[in-house]
Amino acid sequence: MAKARESRAVLCSKCRQLISNQEKTCPHCGALQPDLFGYGGPLRALFRDSLDPVNLLTGASVTLYAGSLLGSFETLLSPPSLLDIGSPSGKVLYLMGMTGGAAWACGHLWTLLTASLLHGSILHIFFNLQWLRALGPMTVQLLGPARFVVLFFLSGVGGFLLSNVVSGTPTIGASCGLFGLMGGLMVFGWRRGGTIGAAMKSTMLKYAAIGFAISFAIPNVNNWGHAGGFLAGMAIAFLMPKFEGRHEGRGVQLLALALLVATAAGFGLSVWQMWAPFQNGGAVCAS
Ligand SMILES: [Zn+2]
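Below is a short write-up of the structure. (Residues numbered from 1 in each chain as written. Predicted model: local features only at pLDDT ≥ 70, side-chain atom pairs only at ≥ 80, totals over all residues. Heavy atoms only, no water.)

Considering the coordination of the zinc ion
Metal coordination angles in their ideal form are 109.5 degrees for the four-donor tetrahedron and 90 or 180 degrees for the six-donor octahedron. At the metal site, the zinc ion is ligated by Cys 12 (SG), Cys 15 (SG), Cys 26 (SG) and Cys 29 (SG), and these contacts range over 2.3 Å. Given four donor atoms and angles of 106 to 114 degrees at the metal, the environment of the zinc ion is assigned as tetrahedral. Of note, the donors binding the zinc ion are all from one chain and are spaced C-x2-C-x10-C-x2-C. (Donors = N, O, S within 2.8 Å, 3.2 Å for Na, K, Ca; no water. Tetrahedral: all angles 85-135°; square planar, octahedral: opposite > 155°, others 65-115°.)

Okay, structure coming up:
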């Protein structure tokens with residue numbers, strides 16, 4: 001026999017009014033399952049107190065880069081050019097969740113998420129983490145940790161989707177998501193208005209101009225991805241609050257959690273799907 005849950009006072013996961021955890025519908029805002037089956041508190045605590053998403057993404061990127069290097073001894077010993085110093089091999093990157101190319105041809109949709117945390121050289125990861133450390137904390141402070149996660153990963157999806165459809169070249173890197181942060185903060189500043197908003201808008205416009213100028217000057221940069229990420233970030237910002245410090249509801253927190261879980265699961269899926277082709281020496285679909 002199922003044991004009845006002990007009656008407790010909890011905060012509604014949507015409107016944050018005090019309610020009983022026994023309520024099926026919030027008496028204040030009408031939300032269904034206002035305690036999220038007991039997970040309302042932990043979800044709120046995760047994004048309010050526990051999770052620093054900028055550190056999480058930095059740590060994950062560095063760890064994955066180190067892992068990709070460990071799997072690529074041959075390329076490390078004889079880099080083809082200066083920009084290739086510290087470059088993992090293409091096979092290892094496919095195994096870890098690179099998008100485009102064979103992964104896209106095989107229909108590995110999850111690589112639209114995993115590719116954002118992979119990098120192809122020391123310079124690549126260094127520059128991207130510099131941008132992440134500059135734009136990330138600002139986004140978290142203005143919009144909140146869950147909205148930052150959503151903006152970063154969905155901009156990455158938008159950028160990689162455009163580049164996979166238009167150019168199809170194998171691609172990785174945080175820069176699609178980072179251009180999304182720039183586009184998102186630019187639209188945020190424009191909608192917010194006032195002196196601060198206008199300054200934010202022009203700063204982001206300047207950053208983006210610098211970013212695009214550098215991108216076009218360096219060979220093998222995914223310009224389609226950057227453009228797609230920037231446009232996606234702009235579009236997403238219209239669905240977000242136009243003023244800073246707004247409470248993050250359970251919808252955006254659940255979406256952010258789902259994106260993080262799907263990304264983590266995606267790394268496992270890539271290993272699973274690419275392992276056999278990797279061993280056989282070619283990049284062909286496992287199934
Ligand atoms: Zn409520």
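Continuing now.
Some thoughts on the side chain of Asn 128
Position of Asn 128 among the secondary structure elements: in helix H7 (residues 122–143). Judged by relative accessible area, Asn 128 falls into the buried class, the value being 6%. Among the polar contacts made by the side chain of Asn 128, one reaches the side chain of His 119 at a distance of 3.2 Å. Dropping the residues within four chain positions of it, Asn 128 is found in contact with His 119, Gly 173, Ala 174, Ser 175 and Leu 178. (Helix = DSSP H or I, 4+ residues; strand = E, 2+ residues; numbered from the N terminus. Buried < 20%, exposed > 50% of the residue type's maximum accessible area, 1.4 Å probe, protein only. Polar contact = N/O pair within 3.5 Å; in protein donor to acceptor, adjacent residues only side chain to side chain. Contact = heavy atoms within 4.5 Å.)

Description of the environment of Gly 101
Structurally, Gly 101 can be placed in helix H5 (residues 101–105). Classification of Gly 101 as partly exposed rests on a relative accessible area of 21%. For Gly 101, the contacting residues outside a window of four places in its chain are Tyr 94, Gly 168, Thr 169 and Pro 170.

None of this, on its own, says anything about what the molecule does.
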